[in-house]
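These are the residues of each chain, in order.
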Amino acid sequence: MIKSISIGLLGLGTVGSGVVQIVERHQDKLIHQIGCPVEITKIVVKNLDKQRDIEIDPSKLTTDPNEVIENPNIDIVVEVMGGIEDTRNYVVKALQNKKHVVTANKDLMALYGAELLQIASENGCDLFFEASVAGGIPIIRSLVDGLASDRITKMMGIVNGTTNYILTKMSQEGCPYGEVLKEAQELGYAESDPTADVEGLDAARKMAILATLGFSMQIDLDDVKVSGISSITEEDLDYSKRLGYTMKLIGIADREEDKVEVSVQPTLLPNNHPLATVNDVYNAVYVCGEAVGETMFYGPGAGRFPTATSIVSDLVEVMKNMLLGVNGSKYVAPQFKKSLKSDEEILSKYFLRIHVQDRPGAFAAITSLFSSYNVSFEKILQLPLKTKGVAEIVIITHHANKQAYNEIMEKLNTLEVVRGVKSSYRVEGEEVL
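So, here is what we can say about the structure in this document. Only a predicted model underlies this, so the values are computations on that prediction, with no experimental measurement involved. Residue positions within a chain follow its written sequence, with the count starting from 1. Residue-level local features of this predicted model are given only where pLDDT is at least 70; pairs of side-chain atoms are given and counted only at 80 or more, and the full residue set underlies all totals for whole chains, interfaces and linings. Side-chain metrics in this entry use all non-hydrogen atoms of the structure; hydrogen atoms and water are not considered.

### Brief notes about the packing of helix α5 (residues 106–122) against helix α11 (residues 201–215)
Convention followed: Axis geometry follows a simple rule: fit a line to the C-alpha atoms, using only the stretch in contact for helices, then measure angles between N-to-C directions, giving values from 0 to 180 degrees. Going along the chain from the N terminus, every DSSP run of H or I of four or more residues is numbered as a helix, and every run of E of two or more is numbered as a strand. Between 65 and 115 degrees an angle is taken as roughly perpendicular, under 35 as roughly parallel, over 145 as roughly antiparallel, and anywhere else as oblique. What makes a crossing left-handed is the near helix being turned counterclockwise from the far one by less than a right angle; a clockwise turn instead makes it right-handed. For this analysis, residues touch if any pair of their heavy atoms sits within 4.5 Å. Throughout this entry, Asp, Glu, Lys and Arg are counted as charged residues, while Ala, Val, Leu, Ile, Met, Phe, Trp, Tyr, Cys and Pro are counted as nonpolar. The remaining residues, Gly among them, count as polar.
It is at 9 Å that the axes of α5 and α11 come closest, and there the two elements cross at 50°. Taken together, α5 and α11 sit at an angle that is classed as oblique. Both α5 and α11 take part in a crossing whose hand is left-handed. Residues K106, D107, M109 and A110 of α5 lie in contact with α11, whose contacting residues are D202, R205, K206 and I209. Considered class by class, the residues forming the contact of α5 with α11 number three nonpolar, no polar and five charged.

The structure is reproduced here in structure tokens:
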């Protein structure tokens, strides 16, 4: 019988502080579940003298990661320090020292997850990372355990709260992108350098993790096609509304037979799509399986206690495995060899906004180009602009393959009647009439 379980923390920021608070406040529940006390015995910090909003015994603090990684009395390492290369080295060393690891580090898992899981398995250790994708939403455990018997065909996710907040504010209040971004930074929703969020990189890392687990196929970050929200205008959102759609930054992981597509991009969703009503900083992942059908997981995607809750849930699983003596046995290598769809095999509808000469035959020239690629229109708006002799055309296409659509985009700019392609976005989901 294990008398107690000792935990070492790498990092004591917002999430690390939440882990400490939950472990201390929920000690009675943890003891009830695993049958012994749980103690955080050592915490790695950058600055020993920093003022913190939680009370910590100073003797537990250290600036030396080796006091956690090489401490023979520590059973589990919780990594909440962030970073990639140095952090990877710490995690590898911890696993090699037979310590189980729980991490919230999406960057680390997206880049080195396959390698680290293999090292964990070889050393009989658990490596869990529930908090790395959607904060307090238990999506990883749902894919790996809850839907283990099913074959996942598609996942669509709002997995970045910053961009969802910005698009919600722009859409509902008509505010320009720059203004909303500044407000998000002031509220702490966006970093001073928001590039990873607004250009879709953060979401791409999370979708690489979800696709790897959901499809049992090693999907690397480079396999994810990415575009962000920084070029979205109030006009784009206004036209989306007029046509019955809501704009979201959507991560898409789609499988047909043995081929997959993974992308992150601004996407128009019908207003009655479940993801269209997910607003502000909330996250949601929409999962389709051959047997289960359609399911959706919704909740806070970040924050001290939502993220810490996922971390402590992983801790509980590690501790239960310790009591049963089955640590390191859960890892299963991907079942399928990577097979990505070509652009010809990726089908989607598209939203297109273009400026054209306001004269007879202009629309016919555009229609002729689309027709030559067998692409037809589902919805059309044509409006005059204040600029004399120029009109704006907004189109929702029927399904087209990506390669054909890309070629159309190239040729549109060469048409004499076209003054400029202003925007183009993917459209997902079918309207329910």
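### Observations concerning unusual backbone geometry
Filter applied, for reference: Per-residue accessibility, obtained with a 1.4 Å probe over protein chains only, is compared with the maximum for each type, and a residue is labelled buried under 20%, exposed over 50%, and partly exposed between these values.
A positive phi angle, close to 60°, is found at D280, a residue other than glycine. Position of D280 relative to the elements: it lies in the loop between β10 (259–270) and β11 (282–289). Phi at N374 is positive, roughly 60°, even though this residue is not glycine. Within the secondary structure, N374 sits in the loop between α14 (362–372) and β14 (377–384). Assessed through its relative accessible area of 72%, N374 is described here as exposed.

### Thoughts on the packing of aromatic side chains
This is how the line gets drawn: In this analysis, rings of Phe, Tyr and Trp, with Trp reduced to its six-membered ring, are considered paired at centre separations within 6.5 Å, and the interplanar angle assigns stacked below 30 degrees, edge-to-face beyond 60, and tilted for intermediate values. As a reminder, the over-ring test applies to NZ of lysine and CZ of arginine, requiring each to be within 6 Å of the ring centre and within 35 degrees of the ring normal.
One pass over the full model with this rule turns up six aromatic pairs. Ring centres of F370 and F377 lie 4.9 Å apart, and the angle between their planes is 70°; this geometry places the pair in the edge-to-face category. Residue F370 shares its accessibility class with F377, and that shared class is buried. Through successive ring pairs, a cluster of aromatic residues spans F363, F370 and F377. Over the aromatic face of Y112 sits the side chain of R88, whose NZ or CZ is 4.8 Å from the ring centroid.

### Things to note about the pattern of salt bridges
Once their charged atoms are close, side chains differing in charge can pair, the charge on each being opposite to the other. Rule in force here: Counted as salt bridges are all cases of a side-chain nitrogen of Lys or Arg within 4 Å of a carboxyl oxygen of Asp or Glu.
Scanning the model with the defined rule gives 28 salt bridges in all. D53 is the partner of R304 in a salt bridge, and the nearest nitrogen-oxygen pair spans 2.9 Å. Note that R304 is positioned in helix α13 (residues 304–324) and D53 in the loop between β2 (38–44) and β3 (61–62), a separation of 251 residues in sequence. Ionic pairing is found between E317 and R141, a salt bridge with its closest N-O pair at 2.9 Å. With E317 in helix α13 and R141 in helix α7 (residues 139–146), this residue pair connects regions lying 176 residues apart in the sequence. Here E317 falls in the buried class, since its relative accessible area comes to 17%. Three or more residues joined by partner-sharing salt bridges are found here, namely E130, R141, D145, D314, E317 and K330.

### Section: the environment of I219
Along the chain, I219 turns up in the loop between α11 and β8 (225–226). As for I219 and A110, which are separated by 109 residues in sequence, their C-alpha atoms are 8.7 Å apart. Here I219 is in contact with A208, A211, T212, V260, V262, K338 and L340, once residues within four sequence places are set aside.

### So, a negative patch on the surface
What counts here: A patch consists of residues exposed above 30% relative accessible area that lack any salt bridge, with like charges linked at up to 9 Å and nonpolar side chains (Val, Leu, Ile, Met, Phe, Trp, Tyr) linked at up to 5 Å. Where accessible areas are quoted, they stem from the Shrake-Rupley method and a 1.4 Å probe; at the residue level, only the protein chains shown are allowed to cover. As used throughout, the charge tally considers Lys and Arg to be positive and Asp and Glu to be negative, leaving His and the chain termini uncounted. A charge is said to be at NZ when it belongs to Lys, at CZ for Arg, at CG for Asp and at CD for Glu.
Together, D343, E344, E407 and E410 make up a negatively charged patch on the protein surface. Tracing the backbone through its elements, the reader meets E410 in helix α15 (residues 402–412). On the basis of relative accessibility, which here comes to 60%, the residue E410 falls in the exposed class.

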